[in-house]
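Geometric and topological summary
The primary structure of each chain is shown beneath.
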Amino acid sequence: MNEPSRKKAKTASSDSFKLCHNDNLIDNQFANAFNTIFCNQDQSDFSLFKVNKDTSYDIEDSESPKYIAVKEDSLVQSPEKSSVHSSIKSSDSLFKACDKKVATIIGFPFKVGILYDLFEKSFLIDLKSELANLKWNFRSNDLYEFYQTDDLKIIPQNIRSDCTKNLYNYLSSDDFVTFMENISGTKLVRGRIDLAAQQYKKGGYLLCHDDYVSGEKLRRKIAFIIYLVEEDWKCEDGGCLGLYRKDERGHPTNIVKKLVPKFNSMSFFITGENSFHEVEEVLRDDNISRWSVTGWFYESYEAKADECSLHQSSDFKLGDQSISLCAVTPMPISACEIDYNSNILSLFINSEYLSASSQDQILDNFLDNSSIELKDIFNSDIYNIFVNELCDPKNVDRYWENTKIGPPTIRKYSVFKKNTNKPDFNSLLVDFAQNSSNSHNPKSLENLVLCVLHFLNSDEFSKLLSAVTNLELKNSTQEVRKLDVGDYTLMHDSFDEPEGLDVIFSFLPNTNNNQITGFNWESQRFNGTTHYVSGSDELLTIDPDRNTLSIVYRTEETKRFVKKILSNADHPRFEVSMIFTE
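Residues numbered from 1 in each chain as written. Predicted model: local features only at pLDDT ≥ 70, side-chain atom pairs only at ≥ 80, totals over all residues. Heavy atoms only, no water.

Basically, it comes down to this: UniProt positions are given in the numbering used here, feature names are shortened, and annotations may be inferred rather than shown by experiment.
As annotated in an unreviewed UniProt entry, the protein carries the name Prolyl 3-hydroxylase OGFOD1 and is attributed to Smittium culicis. The annotation that UniProt attaches to the protein under Cofactor (unreviewed entry) is "L-ascorbate".

Pasting the structure below:
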């Protein structure tokens, strides 16, 4: 990715920012009105409007309030809608009484406050120019991909930073912290906030998380985002703040509301086990980034002796059982069931990998590197029939589960449907002995798919793996995955996969007009690569490919993830992911 562009900073006086409406938002009446809605149990969405003083209206409150709360029926975009709409359910007199919208409170799936026109527009324009001249660091891991500044509390002396310093000093001031306490019903620490700026270029994103981090004395209490996007930013540009609902077990499930970034607005929410959210992939392709300044307010906190510094959310437990990263539990390796003597390996595996000299060479490379890739591992006739059947979009309902596996704090992809039919190797051997794959017989095609998957967990295949790794393998897990746009896997401290031999059979669809020519995977454009890391060190990257077997010995200290697949990927990638243990 290219480094964000730098612009010449404009000068700004020390008093160049202030709240709009001459600080009206910080008065007690606004705080009380906002707090009443934000801190109750109502899951409706409300907007706060400033009262139009020039309009007479008929309300029961004799004190003539300065703000009116109005329930909204479609304040934010739902996944099914293409644009953002807002409709006010009120009488004509109340509608006329409402002047400018100054705030919104989202009620479901968790409370989110939005303050509008918090700063002078000219101040934010100057601030953005200042930020453009700072050092921007490219951040990329399993969870996110964007550019970010260092903490805005510390700015090099040789860089003009009047607006940046004013913003930091203002947000951390006692007046503003008190204001945030009043509208959110929280108790916050003075003099401590985190603050940094972000640019999400095209393809940038931040996956599902809850922002809740605690230390021995402090923990994050309120997360906030000040948007510096272009004023014409719309939902189709991506970068929406997606809010997740939770299921009855406390696991995030799916995005139910999307908040479109709006220039000169500040969104905030209380962090915790309900605050699962993400920044959706930025889709805007005119070289305009999604700009924001984000941070956290803190509360005092006394950690218990057995409590870790990072919050471990309840979404990682199913009752008393941890969620397994694999859909299939470890199972003993068993032989393929055949009625007569036949070299089952020669039916499936490319003959180049079956000679003793070839296996010795593979073993030497594996012992040197702890990993190896074997291209064209399956015989082409078996491989092409397998891929054409399993990857055909017309067979999605036949072979793949309708709901993607989760939770999204760990993974998101489709898995192969459980199939109770037993693979018939004898029938498959007869078909190929007669030079016929019965390619138009659905039953035979399904049998071939099942035979390939069973073979990958067979005693015959494990002996081949043992020959090229020097490991005695007894058990394995197997998960058949389809990863499409938006799919990924994440690392997490609560999940330590068992030490063992990772065996990944990667395959891609064949092109629509050619049953033997496969699509290519463009990792630089699509992502979707598998990464092995230990601490901050990246050890290995595996690109998706056609008919390729990747073998990696992974220790307990090593973690892996699949980078989120971006929206410009024009086809899914597939794999059979296995872990063999001794």
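From this point, things continue past the structure.
**Here's the deal with the environment of Lys234**
Quick note on the threshold: A run of DSSP states H or I qualifies as a helix once it reaches four residues; a run of E qualifies as a strand once it reaches two. Both are numbered from the N-terminal end.
Locating Lys234 in the fold gives a position in the loop between strand S9 (218–227) and strand S10 (241–246). Distance in space between the C-alpha atoms of Lys234 and Arg284 is 9.5 Å, their sequence separation being 50 residues.

**Comments concerning the side chain of Ser523**
Our working rule: Categorising residues by exposure relies on relative accessible area from a 1.4 Å probe, with only protein chains included: less than 20% of the type maximum marks a residue as buried, more than 50% marks it as exposed, and the intermediate range marks it as partly exposed. Polar contact criterion, stated in full: a pair of N or O atoms within 3.5 Å, where within protein one must be able to donate a hydrogen and the other to accept it, and residues adjacent in sequence count only if both atoms are side-chain atoms. When checking whether two residues touch, look at their non-hydrogen atoms; a contact exists if any pair is within 4.5 Å.
Mapped onto the secondary structure, Ser523 falls in helix H14 (residues 523–526). A residue is classified by how much of its surface remains accessible, and Ser523, at 17% relative accessible area, is buried. Of the polar contacts made by the side chain of Ser523, one reaches the side chain of Asp543; its length is 2.9 Å. If near-sequence neighbours (up to four positions away) are discounted, Ser523 is found in contact with Thr529, Asp543 and Pro544.

**Quick look at the packing of aromatic side chains**
Selection criterion: Classification of ring pairs rests on two measures: the distance between centres of Phe, Tyr or Trp rings, Trp counted by its six-membered ring, which must be within 6.5 Å, and the angle between planes, read as stacked under 30 degrees, edge-to-face over 60 and tilted in between. Charge over a ring is defined by NZ of Lys or CZ of Arg lying within 6 Å of the ring centre and within 35 degrees of the ring normal.
Following the criterion strictly, the structure yields 33 aromatic pairs and no others. The interplanar angle of 40° and the centroid separation of 5.0 Å between the aromatic rings of Phe224 and Phe297 together place this pair among those described as tilted. Linking Phe224 in strand S9 with Phe297 in strand S14 (residues 290–300), this pair joins segments that are 73 residues apart in sequence. Given the relative accessible area of 1%, Phe224 is considered buried. Exposure remark for Phe297: the relative accessible area of 0% places this residue in the buried category. Across the ring face of Tyr298, the terminal group of Arg192 is positioned such that the distance to the ring centre comes to 4.2 Å. Over the ring of Trp296 we find Arg220, and its NZ or CZ is 3.5 Å from the ring centre.

**Quick look at helix H2 (residues 28–38)**
Heads up, the rule is: Working definition: the arc comes from the directions between the helix axis and the C-beta atoms, pointing outward to the latter.
Residues of H2 that are buried include every one of Phe30, Ala31, Phe34, Ile37 and Phe38, and no others. Buried residues along H2 cover an arc of 140° about the axis, so they all sit on one side. Opposite its buried face, H2 presents the exposed residues Asn28, Asn32 and Thr36, each directed more than 90 degrees away.

**Some details on unusual backbone geometry**
The omega torsion of the bond from Phe108 to Pro109 falls at 10°, within 30 degrees of zero and hence cis. Following the sequence through the fold, Pro109 ends up in the loop between strand S3 (98–106) and strand S4 (112–116). The peptide bond linking Gly406 to Pro407 adopts the cis configuration, its omega dihedral lying at 0°. If you trace the backbone, Pro407 turns up in the loop between helix H10 (396–399) and strand S19 (411–412).

**Some points on the side chain of Lys563**
Here Lys563 shows up in the loop between strand S27 (559–562) and strand S28 (573–581). Of the residues examined, Lys563 reaches a relative accessible area of 5% and is grouped as buried. A polar side-chain atom of Lys563 sits 3.5 Å from the main-chain carbonyl oxygen of Tyr144. The contact partners of Lys563, leaving out residues within four places of it in the chain, are Ser140, Asn141, Tyr144, Glu145, Tyr205, Asp487, Tyr488, Asn527, Gly528, Thr529 and His531.

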